[in-house]
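Residue-level listing of the chains:
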Amino acid sequence: MPSEMLVKIFSYLDAVSLLCVSCVNKRFYHLANDNGIWLKIYSGCFPPKRTIWKVKSVQTETGPLSCAPIQDRKPGYWKKEYILKQTAAVTTRVMQLVKPADLYTGLPNRIKKAIKASGLSWMIVLKDRNGKEHVMEQADLFFKDTSVTIFWYSASWPCLDILLSLKLFGVTPLLLDQSKAPSKNGPRRRSLIAEYDFSNLTESNVTLGADKLVQLFSLDPGLLVGLWKGKNEIAFVMASLHYHQLLERSTLGSATVQYVLPSNKPMLDDIDPEYGLHDYDLHLDMHSGSCTYLCGTFKSLFCRKGDIENGYLRLTVVSLKDNTKHVPLIGTVGLSWETDAFKGNVKDCFVMDVTLLDEARKPFWCFSAPVCMELSSKGLSSKESSLYDYMGCVYTTDYADAEGKVCVELVWLEETKEYFIVSLVLYVSTEKVNNWYGTNY
């Protein structure tokens, strides 16, 4: 078919269809970049402010913004201008939604609306030893106060033995139509969030728990893989993403490079190493699926110079000595999972969200990760444990990453059939504090 006829046909397509057509072959790509077609689309969406300029037809169009003829522009110029302006409009709309911060968490309180406005979703890409990529779209979402939990499940997972890696991407439509749900087949943009090694999944990663059907393996940061028992096959994958910088990490990276969080700009005379940290707030969520076991805020946390040891600053949130601050977990603790055909609950596992705010109420240390409770053989760490010794078993929950550690002690009260947190301590890395404030601990 002559190129002129194809260009005429393409002129009746919308922007998304044009982008799809351009992926067919090189000839269609060049023809679909026609400046006349894209100028018509651009001017229809962004009419000029000057009323003296009018577009009559594709043949008579001239470049109104620069007063330059269409042919003087490189092919694809107006396509690029249109995409940039549409992207900027969506970004502006999303940023307006995330500006108001929650009083307790310091995080955007309209994050769910912002995610919907941006058309954001998440996918995982599994790469096998032959270089083939297996793309999985999200199957389910659970929004909480400070994180979103994403599930992927399918009846056709690739064989675990041949998998090398898993990449987690945020995915946004290149051109968003607010009147329609984002299409999985339309042009989309990927932003790399995290990459995980799958070459020795069962040997090199922590076993979190198990039930009759699945065994759970935890990968840092925030990924959980469920394997069918006795089959060594994937049942589901779960990712837990904290809201802090979530939109930036999910949209501003590239397909190969992760978004780098900006460094903190400390206030003058913000902290004195002689006195340690002060006036910190912790928001803690423990949850699974639609169930919430604990959601609370602990204010006015501090750390004295004597609490600095072995490269960590200790922030005591709940002390065993002060039983007025001991808090219960509500409900039967367990991590719920689901696939197309089965569902279950792994006892004593859950997702823990930590949001630590500094004295200026800026998110200082944030994470969301699957954790488990383990029966302690040593009893409570403090000498003042006689009060709880006769009541039930002692459990511990621990988490650690490059920025800090969380240590939780719980007591099972047999009489009321519930867990009580009797000790909760945060250990913040001195390197993290030094980088944040520009100090030297």
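This report concerns the structure included in the present document. (Residues numbered from 1 in each chain as written. Predicted model: local features only at pLDDT ≥ 70, side-chain atom pairs only at ≥ 80, totals over all residues. Heavy atoms only, no water.)

Let's talk about the overall build of the protein
(1) Moving on: A tally of helices and strands in the protein yields 10 helices and 23 strands.
(2) Moving on: Taking as baseline every contact in the protein between residues at least 6 positions apart, the subset at least 24 positions apart corresponds to 60%.
(3) Moving on: Carbon and sulfur atoms make up 53% of the accessible area of the protein, which amounts to about 23,100 Å² in all. (Helix = DSSP H or I, 4+ residues; strand = E, 2+ residues; numbered from the N terminus. Contact = heavy atoms within 4.5 Å. Areas by Shrake-Rupley, 256 points an atom, 1.4 Å probe, with all protein chains shown as cover.)

Looking at the side chain of Asn35
(1) Moving on: Tracing the chain through its elements places Asn35 in helix 4 (residues 35-45).
(2) Moving on: Owing to a relative accessible area of 6%, Asn35 belongs among the buried residues under this scheme.
(3) Moving on: At a separation of 3.0 Å, a polar atom in the side chain of Asn35 contacts the main-chain carbonyl oxygen of Lys74. (Buried < 20%, exposed > 50% of the residue type's maximum accessible area, 1.4 Å probe, protein only. Polar contact = N/O pair within 3.5 Å; in protein donor to acceptor, adjacent residues only side chain to side chain.)

Details of the sheet that holds strand 10 (residues 233-242)
(1) Moving on: A sheet is described by the order of its strands in space; here six strands give the open sequence 3-4-10-9-8-7, paired in antiparallel fashion. The strands lining the two open edges of the sheet, one partner per strand, are strand 3 (140-143) and strand 7 (206-210). Each strand axis lies, on average, 20° off the axis of its neighbour in the sheet, ignoring direction.
(2) Moving on: As paired strands, strand 7 and strand 8 (residues 214-219) are joined by four bridges and run antiparallel to one another. (Pairing = 2+ DSSP bridges. Axes fitted to C-alpha atoms, helices over the stretch in contact; angles between N-to-C directions.)

Side note on the nonpolar core
(1) Moving on: Of all hydrophobic cores here, the largest spans 41 residues; its most connected members are Leu329, Met352, Leu356 and Val406.
(2) Moving on: When near neighbours in sequence (up to four residues on either side) are disregarded, Leu356 contacts Tyr280, Asp281, Leu282, Leu301, Leu315, Lys362, Pro363, Phe364, Trp365, Leu426 and Val428.
(3) Moving on: Core analysis: the next-biggest nonpolar cluster, separate from the first, contains 40 residues, Ile111, Ala117, Trp157 and Tyr243 among them. (Core = buried A, V, L, I, M, F, W, Y, C linked by side-chain atoms within 4.5 Å.)

Some details on the packing of helix 5 (residues 77-98) against helix 6 (residues 111-118)
(1) Moving on: Between helix 5 and helix 6, the least distance of the axes is 8 Å, while the angle of their chain directions is 175°. Our classification of the angle between helix 5 and helix 6 gives roughly antiparallel. Here helix 5 contributes Val90, Val94, Leu97 and Val98 to the contact with helix 6, which in turn contributes Lys113, Ala114, Ala117 and Ser118.
(2) Moving on: Residue composition of the contact of helix 5 with helix 6, grouped by class: six nonpolar, one polar and one charged. (Parallel < 35°, antiparallel > 145°, perpendicular 65-115°, else oblique. Nonpolar A, V, L, I, M, F, W, Y, C, P; charged D, E, K, R; others polar.)

Section: the sheet that holds strand 2 (residues 133-137)
Sheet strands associate in pairs through backbone hydrogen bonding, adopting either a parallel or an antiparallel arrangement.
(1) Moving on: Strands sit in the order 2-1-5-6 across an open sheet of four strands; the sheet is antiparallel. Only two strands of the sheet have a single neighbouring strand rather than two, namely strand 2 and strand 6 (188-197). Between one strand axis and the next, the sheet turns by 25° as a mean value, whatever way the strands run.
(2) Moving on: The pairing of strand 5 (residues 163-173) with strand 6 spans nine bridges and is classified as antiparallel. Bridge assignment links Ser165 to a residue of strand 6, and that residue is Asp197.

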